[in-house]
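Residues per chain are reported as follows:
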Amino acid sequence: MSAIEIIDKAKSEGRTILTEVESKQILAEEGIPVAHAQLAATREEAMAAARQIGLPVAIKIVSPDITHKSDVGGVKLGLNSEEEVAAAFDEIVETARRAQPKAAVLGVSVQKMARPGVEVIMGMTTDPQFGPVLMFGLGGVFVEVLKDVAFRIVPLEARDARQMIRDIQGFPVLEGFRGQEPADLAALENMLMRLSAFVEEHPEIQELDLNPIFAYKDGALAVDARIVLS
Amino acid sequence: MKDLNRKLEKAFNPRTVAVVGDKRAMGYFWLRAMKSFVGKVYSVQINKEEIPGIEALGIPNYMSLLDIPGRVDYVVCAVRRDICPRIIEDCIRKGVTAVTVFASGFAEIEEEEGVRLQQELGDMARKAGLILIGPNCVGIYNSTLGVRQGEDQPWGEAGNVGFISQSGTHCIDFTYVGYGHGVKCGKAVSYGNAEVLDIGDYLEYFAQDPQSDLIGIYVEGPRDGRRFFHALRKATRLKPVVVWKGGQTEAGARAIYSHTAALATEQVLWDAAMRQAGAVTADSLEEIVDVLKGLLYIKPGTGRRVGLVAMTGGQSVVIADAFGRANLEVPTFTPASYEKLASFFQIIGGSYRNPLDAGHTVAMGFRTGNLERMLDILVEDANIDAVVFESSIPFLKRRGLIRTTLFDKLLDLLVHYKERCQKPFLVILQPGLLEGEMAEIRGKLLERGIATFAGFQQAADVLSKVINYHRFRAGLD
């Protein structure tokens, strides 16, 4: 399905929050690197998907009504066998049902465990004053506690993408702090430019989170994604 | 848009002005302000008791805008809010180019009748293509033509700074405070509630206005932030724009699902938008005047390394701190510079580092020759991008330099130095508590084209902002 089709389908179902699987499908189509996620409605489908994708895998709850997956125990990482996948499927579906009984659970998403990198976050929101804006920051404690993020108004120019990455306090972390792998800054800038073009083309998108993105020395990969429609 | 700019050009350069509703109770505020206007000024007032007072000012009064012979380009509508629709109707029938609605009590008081009336005025103006400024504002200022918003404002002289203000008070204050500091406003507009034209419209006009080399802005909240952002991004590529943001605008409450939305607070986004657009920012009237002064009088430069010559010893550390806080560097000089300095610099009672504490070398006997040599060494020094000279009024007074030929010599030295120094050069002049002398000395320097800044931190902040703007223009950051 194309971006437009996915968005139209969600709208016709009265949904404003796209699932991770839908969000990633759209983003991949726009040339934004995402860890491919496959929807599995049943335990058997989840096991088959894991076999096909290759172990180890991560599985996450898929529900249009659940926005914060880990809050409801809806994420299992580093599953090394099909048996583990089956058990994890049962567990997260059960836990999610208990936490949010009214939530429609479509199943789980299955994806290959991504190689860890420097965690960064990119996002977009629609500001009442300036319209669509993009955010960049380092993931984890940097964004949650220190709020070390940079914003720009869409559309971005190349200079804006370059600056917003360098504007954050934690920038040295991306340059390879203490022997850590340095991040591919050009890949991150490119991702921001593509996101800018994407949200500019789709005014129906209200909010977007790519969190986390793993930044490597050669490229970057969005491991989780969420798109909210207006 | 071209069409709007043409109309605004006419509005800012009227040939005839009419004031509707000025009266004794207002001290004939508007008519007095317009006394300086080089074109024709008319009054419209129907109250018989008010007319003799108006005519005593030498201004002809009419019972209606429509009775005025010939064209009327610009109207100040100074009547109560409920009378405004009738006056706007007359403006339209008379074919007026622009009208300023001075009355308040519209949408800004968030009361139903006020909101309705403002909408009504807006609808009338939009339909007729009439430029309606405001309501709740003091409208247009043109120093050359003497179109003023108050009696205190300077006139008769052209200025190369344009000013756009949501507030009337800040607009009027800026024109005369700026004038006293060599920041001469040629055209300004106070636009109040922005019913028909918003800040973005005025900014587009000033961006293409050849008279306005720089633009200052006071804004609380644009009606259309996105349009303002785009106009700003374009304008800063043509000329410096300094934005002074007052207050906090209200963002509507909304449901938030994402991290991004939770972090996108109003202040964070405003700051990001200003940086992205290449605007220079200021937080007060004093600062916007100072920053514009810096952009006007300091030669463009993109390097952050500052060389300082200080008259007052013991201040060296403080100065270096101030420049460091402003994200500038105070590096050591090149060995060649130290070699040259060694030939005459008096280490006792002075300091060699950067800042050069010129206490004994210059101050004892006030050897301007030595000062000149030091300043020239900094021009040559490859480690230095900008030169700062520091002195203070108490110092000049202590040395008996005020109103002496020696002071004139110092002044000449600084003027000639500024001319030959291709690096940004600025003077810090600390007032101490001697405000009277400060104004005199500041004025003397300004007359000769040298801007002074009243403190280390102010100077450092201004220099940093000026350099950042030129770096932005050069595509360096």
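What you see is a predicted model; the values in this text were computed from it and never measured.

Enquirer: Break down the overall build of chain B for me, with residues and values.
Expert: Counting its secondary structure elements, chain B contains 19 helices and 17 strands. Considering chain B as a whole, with its 477 residues, one finds that 50% of them fall into the buried category. Across chain B, the fraction of contacts at a sequence separation of at least 24, relative to all contacts at a separation of at least 6, is 73%.

Enquirer: Help me get a handle on the domain arrangement of chain A, residues and values and all.
Expert: Partitioning chain A into structural domains gives domain 1 (36-113) and domain 2 (118-229). Once you take the C-alpha centre of each, domain 1 of chain A and domain 2 of chain A turn out to be 26 Å apart.

Enquirer: I'd like a rundown of the sheet that holds strand β5 (residues 98-101) of chain B, residues and numbers included.
Expert: All names here are of chain B. With respect to topology, six strands assemble into an open sheet ordered β3-β2-β1-β4-β5-β6, the strand pairing being parallel. Two strands lie at the open edges of the sheet, namely β3 (61-62) and β6 (131-133), each paired on one side alone. One ladder, built from five bridges, connects strand β1 (residues 16-20) with strand β2 (residues 40-44); its direction is parallel. When the bridges of β2 are listed, Val19 appears paired with Ser43.

Enquirer: Any chance you could break down the packing of helix α12 (residues 316-325) of chain B against helix α19 (residues 456-473) of chain B for me, citing the residues and the numbers?
Expert: Residue and element names in this part refer to chain B. Closest axis-to-axis distance for the α12/α19 pair is 8 Å, and the angle between their directions is 35°. α12 and α19 meet at a crossing whose hand is right-handed. For the pair α12 and α19, the contacting residues are Val318, Ile319, Ala322, Phe323 and Arg325 in the first and Phe456, Gln457 and Ala460 in the second.

Enquirer: An account of the nonpolar core is needed here, citing residue identities and associated values.
Expert: Grouped together as the largest cluster of nonpolar side chains are 224 residues, with contacts concentrated most on Ile59(A), Met122(A), Leu134(A), Ile213(A), Val75(B), Val99(B) and Leu463(B). Sorting elements by how many residues they give to this core places α19(B) first, with nine residues. Dropping the residues within four chain positions of it, Val75(B) is found in contact with Ala18(B), Val20(B), Leu65(B), Cys91(B), Val96(B) and Val99(B).

Enquirer: Mind laying out the interface of chain A and chain B, listing which residues take part and the relevant values?
Expert: Contact with chain A, which involves 28 residues of that partner, is made by 19 residues of chain B. When residues of the side of chain A that touches chain B are traced back to their parent elements, those giving at least two are β5 (118-127), β6 (131-138), β7 (149-153), α6 (158-167), β8 (205-216) and β10 (225-229) of chain A. For the side of chain A that touches chain B, the residue count by class is 14 nonpolar, seven polar and seven charged.

Enquirer: I'd like a description of the environment of Pro85(B), backed by residues and values.
Expert: Residue and element names in this part refer to chain B. Within the secondary structure, Pro85 is located in helix α4 (residues 84-94). C-beta crowding within 10 Å serves as the criterion here: with 14 such atoms nearby, Pro85 is assigned to the partly exposed category. Along the chain, Pro85 and Ala125 lie 40 residues apart, while their C-alpha atoms are 9.9 Å from each other. In contact with Pro85, not counting residues within four places along its chain, are Glu120, Leu121 and Met124.

Enquirer: How would you sum up the packing of helix α11 (residues 285-297) of chain B against α19(B)? Please name residues and give values.
Expert: All names here are of chain B. One way to put it is that α11 packs onto α19 with a least axis distance of 9 Å and a crossing angle of 55°. It follows that α11 is oblique to α19 by the angle criterion. As for how α11 packs across α19, the hand of that crossing is right-handed. Here α11 contributes Asp290, Val291, Gly294 and Leu295 to the contact with α19, which in turn contributes Gln458, Val462, Leu463, Lys465, Val466 and Tyr469. By residue class, the composition of the contact of α11 with α19 is six nonpolar, two polar and two charged.

Enquirer: Explain the domain arrangement of chain B to me, using residue names and the numbers behind them.
Expert: Residues and elements named next belong to chain B. Considered domain by domain, chain B is made up of domain 1 (2-291) and domain 2 (302-473). Averaged C-alpha coordinates put domain 1 and domain 2 at centres separated by 40 Å. On the side of domain 2, eight residues touch domain 1, which itself brings six residues to the contact. Considering only residue class, the side of domain 1 that touches domain 2 consists of three nonpolar, two polar and one charged.

Enquirer: Got a sec to walk through α11(B)? Specific residues and values, please.
Expert: With 13 residues, α11(B) extends 18 Å between its outermost C-alpha atoms, agreeing within 8% with the 18 Å of an ideal straight helix rising 1.5 Å per residue. Considered for burial, the residues of α11(B) that qualify are Ile288(B), Val289(B), Asp290(B), Val291(B), Leu292(B), Lys293(B), Gly294(B), Leu295(B) and Tyr297(B).

Enquirer: Residue-level account of the pairing of strand β11 (residues 241-245) of chain B, with values.
Expert: Residues and elements named next belong to chain B. In terms of burial, β11 is a largely internal element, five of the five residues being buried. Side-chain alternation along β11 places Val241, Val243 and Lys245 on one buried face and Val242 and Trp244 on a second face that is also buried. The sheet contact formed by strand β10 (residues 214-219) and β11 spans five bridges and is parallel. In the strand pairing of β11, Ile217 is matched with Val243. Regarding topology, helix α8 (residues 225-235) serves as the crossover connection from β10 to the parallel β11, and that connection is right-handed. In terms of strand pairing, β11 meets strand β12 (residues 280-282) through three bridges, oriented parallel. By the bridge assignment, Val243 is partnered in β12 with Thr281.

Cut-offs and rules
Residues numbered from 1 in each chain as written. Chains lettered and ligands numbered in written order. Predicted model: local features only at pLDDT ≥ 70, side-chain atom pairs only at ≥ 80, totals over all residues. Helix = DSSP H or I, 4+ residues; strand = E, 2+ residues; numbered from the N terminus. Buried ≥ 20, exposed ≤ 12 C-beta atoms within 10 Å, placed from the backbone. Contact = placed C-beta atoms within 7 Å. Domains from an automatic or database assignment. Pairing = 2+ DSSP bridges. Axes fitted to C-alpha atoms, helices over the stretch in contact; angles between N-to-C directions. Left-handed = near helix turned anticlockwise from the far one by under 90°. Core = buried A, V, L, I, M, F, W, Y, C linked by C-beta atoms within 7 Å. Nonpolar A, V, L, I, M, F, W, Y, C, P; charged D, E, K, R; others polar. Parallel < 35°, antiparallel > 145°, perpendicular 65-115°, else oblique. Expected span 1.5 Å × (residues − 1). Right-handed = clockwise from strand over helix to strand, strands pointing away.

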